[in-house]
Amino acid sequence: MLRQCAVCLVVLVFLLGLGSAAQQTPATRIVTLTAKDGTILKASYFAAAKSGPGVLLLHQCNRQRKVWDILAERLASSGVNVLTLDYRGFGESGGTPYDKLAPPEQMKIATEAWPRDFDVALAYLESQPGVQRDKIGAGGASCGVNNSIQLARRHSEIKALMLLSGPTDREGRLFLHSSALPIFVAAADDDEFGDMVAPMQWWLSESPNSASRFEHYSTGGHGADMFALHKELPGVIAEWFAGTLMNNPGSLPKTNGSPLEPQVLRTLDLIDQPGGASEAARTLAKVRERDPNAVTFPEFVVNLLGYEHIQTGDIKGAVEILKLNVAGYPDSPNTYDSLSDAYLADGQKDLALQNAKKALELIANDKTDSEQLRNGIRDSAQQKVTQLEKPGGY
């Protein structure tokens, strides 16, 4: 199972937006935007005292736009204008509530409707008289990470990205490297959706920009939830956006996070190549002759690589990558559930069923993963078992 909500693909869009507002505070107003299909989208605009950069913030898929209020206020105080948006199906925006949709409908909304809506929101932000259009940033948490990255891929005026506790797809990851945009990433060890630290380290490692930063916490939870425990984090992010968008590198904050070790990056690059997973498996076996508990790669990052290969159509490669992850983490129910997905995509139903059952077996005694993650893995594996044991299933 891919531990986070599904990552979004790129969709070209046409936008239409209009704003109306009632004052919430002297510097903040509620905004009504209208999408091309007529859906009403609610947003909040936090105006800086004078002309300055603009930032669009995209929330995680288990929250809504108000989770950004404290950060938006800090940004506005530092001279950055901010727009926060409720996705359609969330908060005060229109559309069918997202959690009431079946998974295929959720994917359709995420890949087709949301990108159009985000473009509407960005156009509104850029239309405000106090916003400098050549100094635009974006930020997101969880599913908002990929949403922000894909927005930047569509809009070259976006010059900086803040990414909290979330994955992206292959095109998004490669964009972080090729675009050389400065990024600010943060994650906590106790994230209920699993290891979000390793992918944040990976994104930092992919960024060649010296202004990129990583804030690493031992506790704090998922995405913008970190603000509750780490009250300094909104201020750190505000300093970083002000430093990057106002071209003031001397004001960039210091952070404690580090990129992945060079040897780990070389291993990940190898795994990503044709036949590389098999070579990495041989290396792992040799290392374990000396240390049976040694690991040479992070589980969640290799899991992401496996799904990248599924998404690009390299199913055979995905099977080998996810087999390697099982070898590296044989007690993890998630590695077996992910391998089951790869076998299913490859049409190997017997092996898909076998690995889904193994995931369910391991879940019973899993003391490592959070309850939320265990429930997600269990639901994913059980759905496959139910369908595969049904005559004509899948």
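Rules used in this analysis
Residues numbered from 1 in each chain as written. Predicted model: local features only at pLDDT ≥ 70, side-chain atom pairs only at ≥ 80, totals over all residues. Heavy atoms only, no water. Helix = DSSP H or I, 4+ residues; strand = E, 2+ residues; numbered from the N terminus. Rg over C-alpha atoms; globule rule 2.2 N^0.38 Å. Buried < 20%, exposed > 50% of the residue type's maximum accessible area, 1.4 Å probe, protein only. Contact = heavy atoms within 4.5 Å. Areas by Shrake-Rupley, 256 points an atom, 1.4 Å probe, with all protein chains shown as cover. Lys, Arg positive; Asp, Glu negative; His and termini not counted. Charge placed at Lys NZ, Arg CZ, Asp CG, Glu CD. Salt bridge = Lys/Arg side-chain N within 4 Å of Asp/Glu carboxyl O. Disulfide = S-S within 2.5 Å. pLDDT = per-residue confidence, 0-100.

Caption draft 1: Structural detail: the overall build of the protein chain. Helix and strand content of the protein chain: 14 helices and nine strands. For the protein chain, whose C-alpha radius of gyration is 21 Å, the value lies close to the compact-globule estimate of 21 Å for 394 residues. For the protein chain, the C-alpha atoms occupy an extent of roughly 65 × 50 × 35 Å along the three principal directions. Counting over 394 residues, the protein chain shows a buried share of 57%. Expressed as a percentage of contacts within the protein chain between residues at least 6 apart in sequence, the contacts between residues at least 24 apart total 66%. When the accessible surface of the protein chain is summed, it comes to about 16,600 Å², and 52% of that surface belongs to carbon and sulfur atoms. Separation between the mean location of the 38 positive side-chain charges and that of the 46 negative ones in the protein chain comes to 3 Å.

Caption draft 2: Looking closely at the side chain of E157. Secondary-structure assignment places E157 in the loop between α3 (143-154) and β7 (158-164). No salt bridge is formed by the buried E157; the nearest opposite charge belongs to R133, separated by 4.7 Å. Not counting residues within four places of it along the chain, the set of residues in contact with E157 comprises L122, E126, R133 and I136.

Caption draft 3: Main features of the state of the cysteines. Applying the stated criterion across every chain yields a total of one disulfide. Note that C61 is cross-linked by a disulfide to C143, the S-S spacing being 2.0 Å. On the sign convention where negative means left-handed, the S-S torsion of about 95° between C61 and C143 marks this disulfide as right-handed. Of this pair, C61 sits in the loop between β4 (52-58) and α1 (69-77) while C143 sits in helix α3, and the two are 82 residues apart along the sequence. Of the two residues examined, C61 and C143, each falls in the buried class.

Caption draft 4: Quick peek at the confidence of the model for the protein chain. Averaged over the protein chain, the pLDDT score is 92; the fraction of residues at 70 or greater is 93%. Across residues 2-26, confidence stays below pLDDT 50; counting only partners more than four residues off in sequence or on other chains, it has 72 contacts.

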